[in-house]
Amino acid sequence: RKEVEQDPGPFNVPEGATVAFNCTYSNSASQSFFWYRQDCRKEPKLLMSVYSSGNEDGRFTAQLNRASQYISLLIRDSKLSDSATYLCVVHRSGSARQLTFGSGTQLTVLP
Amino acid sequence: EAGVAQSPRYKIIEKRQSVAFWCNPISGHATLYWYQQILGQGPKLLIQFQNNGVVDDSQLPKDRFSAERLKGVDSTLKIQPAKLEDSAVYLCASSPRVGLAGELFFGEGSRLTVL
């Protein structure tokens, strides 16, 4: 089983739609969680951290469920500019391999 | 603030040839990473440096890949000899925090095609 698993998509949604991505992780010792965004042929950039209590940044909401070992990202009122690949990232301190990236979920927002 | 600089941006070589990539992290960032990203996959860590020491190279194919960060600033990643499956984008990233638990700053990457 992969350490971090994501639905690869692609998700094709119309502008204004709400879309949610899930990510599951296998190691219960994982401590910190992040969502990165990667535009086509560009480098990944941090979108937001994921906190236990859930956190929101404008149209984006991230949630963590430690009991079920999954992380979610919700995008409301999708914009064309949201089209990208969203990478789930899991961190374990004290591990030799500290940051593990998922394979990403591809989102295309259609006009 | 200048970002992470990488060169070359693109490289095409034949299998069994060698190639080297260079990275200059953001000034003051102690931690430097090399990731390999194959098309359709997420970045996979090859090696992590803390200053000029190696923290993790467990996923580096040491029979053909090598990396150094001699003065704790810039770094080079070398592949010799290259195989077809090495075709990928090689991403360098840096982080200001010791032990990391936060944001990585990536360079634009070096895209390698092995023919």
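Residues numbered from 1 in each chain as written. Chains lettered and ligands numbered in written order. Predicted model: local features only at pLDDT ≥ 70, side-chain atom pairs only at ≥ 80, totals over all residues. Heavy atoms only, no water.

### Considerations on the overall build of chain A
Tallying secondary structure elements over chain A gives zero helices and eleven strands in all. Starting at the N terminus and ending at the C terminus, chain A contains elements arranged as β-β-β-β-β-β-β-β-β-β-β. In terms of overall size, chain A behaves like a compact globule, its C-alpha atoms giving a radius of gyration of 14 Å where 111 residues would be expected to give roughly 13 Å. Counting contacts in chain A only where the partners sit at least 6 residues apart, residues at least 24 apart contribute 57% of the total. Accessible area for chain A stands at about 5,400 Å²; split by element, carbon and sulfur atoms hold 46% of it. Of the side-chain charges in chain A, 12 are positive and 10 negative, and the distance between the mean point of each set is 6 Å. (Helix = DSSP H or I, 4+ residues; strand = E, 2+ residues; numbered from the N terminus. Rg over C-alpha atoms; globule rule 2.2 N^0.38 Å. Contact = heavy atoms within 4.5 Å. Areas by Shrake-Rupley, 256 points an atom, 1.4 Å probe, with all protein chains shown as cover. Lys, Arg positive; Asp, Glu negative; His and termini not counted. Charge placed at Lys NZ, Arg CZ, Asp CG, Glu CD.)

### Observations concerning the side chain of Thr105(A)
Considering the arrangement of structural elements, one finds Thr105(A) in strand 11 (residues 105–110). At 3.3 Å, the side chain of Thr105(A) and the side chain of Gln6(A) are in polar contact. (Polar contact = N/O pair within 3.5 Å; in protein donor to acceptor, adjacent residues only side chain to side chain.)

### Things to note about the interface of chain A and chain B
In this complex, chain A contributes 17 residues to the contact, which on the side of chain B involves 21 residues. Carbon and sulfur atoms make up 51% of the area that chain A and chain B hide from each other, which totals about 1,700 Å². Scanning the region where chain A abuts chain B turns up zero salt bridges. The interface formed by chain A and chain B holds two residue pairs in polar contact (both at pLDDT 80 or more) in total. With four residues, strand 4 (residues 32–38) of chain A is the single largest residue contributor to the side of chain A that touches chain B. (Buried area = accessible area lost by both parts, 1.4 Å probe. Salt bridge = Lys/Arg side-chain N within 4 Å of Asp/Glu carboxyl O.)

### Observations concerning the pattern of salt bridges
All names here are of chain A. For the structure on display, the rule yields seven salt bridges over all chains. Its salt-bridge partner being arginine 76, residue glutamate 56 comes within 3.6 Å of it at the nearest N-O pair. Separated by 20 residues along the polypeptide, glutamate 56 in strand 6 (residues 55–57) and arginine 76 in the loop between strand 8 (70–75) and strand 9 (84–91) bring together distant segments of the chain. You can call glutamate 56 exposed: its relative accessible area is 58%. Since its relative accessible area comes to 26%, arginine 76 is described here as partly exposed. The partner of arginine 59 in a salt bridge is aspartate 82, and the shortest N-O contact between them spans 2.8 Å. Taken together, the residues arginine 59 in the loop between strand 6 and strand 7 (60–65) and aspartate 82 in the loop between strand 8 and strand 9 connect sequence positions 23 residues apart. Overall, arginine 59 belongs to the partly exposed group, its relative accessible area being 22%. (Buried < 20%, exposed > 50% of the residue type's maximum accessible area, 1.4 Å probe, protein only.)

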